Amino acid sequence: MGKQATLKRSLGVWAIVALGLGYMTPTVVFDTFGIVSRISSGVVPLAYLVGLIVMVFTAISYGKMVRVFPDAGSAYTYTRRTMGEHVGFLVGWASLLDYLLLPMVNALIIRIYMASLFPEVPVWIWVVSYVAIVTAINVYSMKSTSGLNVILVVFTLALMIIFIIIASVQLYHGMGAGTIFTIDPLWHQDVEMIAVFTAATVVAFSFIGFDAITMYTEEAKDANTVPRAIIVTVLLGGMVFFIAAYFTQSLFPDIGVFNLLDDTLPEIGLYVGGQVFQLIFLAGAFAATVASGLASHASVSRLLYVMGRNEVLPKRAFGYVHPKFRTPVFTVVLTGVVSLLAIGPDLELIASVINFGALIAFTFVNLSVIAYFIFRKKRYKSANDIFKYLIMPLLGAATTGILWYHLHADAFIGGLVWIIVGIIYMLFLTRFFKKKMGTFDEGEADDLVNKEA
């Protein structure tokens, strides 16, 4: 019997950063601008700044854990190895909610873009065509996915720079706030911090890319690649979001000018640069969304693959790697099938539900640092260790908790239903805890990976 195929190691730091930025979809700041501006009372950049602060603490925790456990699986893997298989499964199950839905969000945004340009064409045609292409690329190879993603991300960032230049000219000539330098996009008398935190829960899903790139750990060239890429991705992505949000909020202090708040990007392009720029802007947004689609599709397929490999999902299908393509073909195709559901729902609802799973993952990655370093490795004998392995992750968990508290009610309902389904499945799988949940990865049972962050 031949040796089972494994994922191919081919990704460097900047390739993974590009996948992370692609996953984050830089242009999503324009798509959700109307929604976030309404919720935050007109301080979108402040909402992104709050989100960035929360993510920095959590990104540091991810960097620590990916060095200790250099495997695909992200929060599922870290929690499973530090807190036990049952908690790990539930965190992985919760993470599936945002990972499965984000590729669908990209398909949904593509549907909105194409419907705005060709309203007479049935929307299902755009969704099916987009999903089929992204699925095929992901099946073929991770390297081809990464290469195309880099091109799309560079094009998107270049277009956003052009937007900032045009926006500066428009502000200079009196549009919106009438000045490039103003504090109003960050604070004014009508702002309430409760509203800002609520808005931050909406923009939180924009940062999921730094979390998702841990899924490529088994395809990174070496052990230090992913931890470096995590920090670069969250800081660079946060800077892009903040600057874009600042100029957009300065141009549009009043969102009453928009006809469709669910996706304001097409109208922003039209108002800022006319019809020609609107088409170019849509092209950049289309490129960004496809880049995110490629990256998010690849990530969720890896999470499903790891859960299949651990036999918490049917191993024969979910744990299969194609011997020629070296990709988890079944999980890639399954993700494409789920993405077809983008024919129906609206963006705000899906974004809210995504954050339920994401915030669970972020919280438990911070707690995993404490469980591993403080309780298992007894790293509490110096002030430096206490700061790195207790105070920092506690701050990460606490700031994530603030976003939890302000999460949309619909997200809680949808998320809790998903968790209940997961608990029922876990009880079935373990026969009410009478048997173990699946298997361990090679060497996991003996905790052979002892390198510390």
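The coordinates are above.
With respect to the overall build of the protein
Okay, step 1: In terms of helices and strands, the protein carries 17 helices and zero strands.
Okay, step 2: For the protein, the C-alpha radius of gyration of 21 Å lies close to 22 Å, the compact-globule estimate for 453 residues.
Okay, step 3: Across the protein, contacts joining residues at least 24 apart in sequence account for 83% of those joining residues at least 6 apart.
Okay, step 4: When the accessible surface of the protein is summed, it comes to about 17,900 Å², and 70% of that surface belongs to carbon and sulfur atoms.
Okay, step 5: Counting 29 positive and 27 negative side-chain charges, the protein places the averaged centre of each group 16 Å from the other.

Things to note about the nonpolar core
Looking at soluble globular proteins, one finds that nonpolar side chains tend to be buried together.
Okay, step 1: Phe30, Met55, Tyr62, Phe163, Phe207, Phe210 and Ile268 are the most contacted members of the largest nonpolar core, which totals 142 residues.
Okay, step 2: The residues touching Phe30, leaving out its near neighbours within four places in the chain, are Met160, Phe163, Ala244, Thr248, Thr264, Leu265, Ile268 and Phe281.

Regarding the packing of helix 7 (residues 123–140) against helix 12 (residues 265–309)
Okay, step 1: Contact geometry of helix 7 with helix 12 gives a least axis separation of 10 Å together with a crossing angle of 55°. The pairing of helix 7 with helix 12 is recorded here as oblique in orientation. Between helix 7 and helix 12 the crossing geometry is right-handed. Along the contact surface, helix 7 presents Tyr130, Val134, Thr135, Ile137 and Asn138, while helix 12 presents Thr289, Val290, Gly293, Leu294, His297 and Ala298.
Okay, step 2: Residue composition of the contact of helix 7 with helix 12, grouped by class: six nonpolar, five polar and no charged.

Section: helix 17 (residues 409–430)
Okay, step 1: Under the 1.5 Å per step criterion, the end-to-end length of helix 17 is 31 Å for 22 residues, consistent within 8% with the ideal 32 Å.
Okay, step 2: If you check which residues of helix 17 are buried, you get Ala411, Gly415, Ile419, Gly422, Met426, Leu429 and Thr430. Seen end-on, helix 17 carries its buried residues on one side only, within an arc spanning 75°. Seen from the buried face of helix 17, the exposed residues on the opposite side, beyond 90 degrees, are Ile413, Ile424 and Phe428.

Parameters and conventions
- Residues numbered from 1 in each chain as written.
- Predicted model: local features only at pLDDT ≥ 70, side-chain atom pairs only at ≥ 80, totals over all residues.
- Heavy atoms only, no water.
- Helix = DSSP H or I, 4+ residues; strand = E, 2+ residues; numbered from the N terminus.
- Rg over C-alpha atoms; globule rule 2.2 N^0.38 Å.
- Contact = heavy atoms within 4.5 Å.
- Areas by Shrake-Rupley, 256 points an atom, 1.4 Å probe, with all protein chains shown as cover.
- Lys, Arg positive; Asp, Glu negative; His and termini not counted.
- Charge placed at Lys NZ, Arg CZ, Asp CG, Glu CD.
- Core = buried A, V, L, I, M, F, W, Y, C linked by side-chain atoms within 4.5 Å.
- Buried < 20%, exposed > 50% of the residue type's maximum accessible area, 1.4 Å probe, protein only.
- Axes fitted to C-alpha atoms, helices over the stretch in contact; angles between N-to-C directions.
- Parallel < 35°, antiparallel > 145°, perpendicular 65-115°, else oblique.
- Left-handed = near helix turned anticlockwise from the far one by under 90°.
- Nonpolar A, V, L, I, M, F, W, Y, C, P; charged D, E, K, R; others polar.
- Expected span 1.5 Å × (residues − 1).
- Arc of directions from axis to C-beta.

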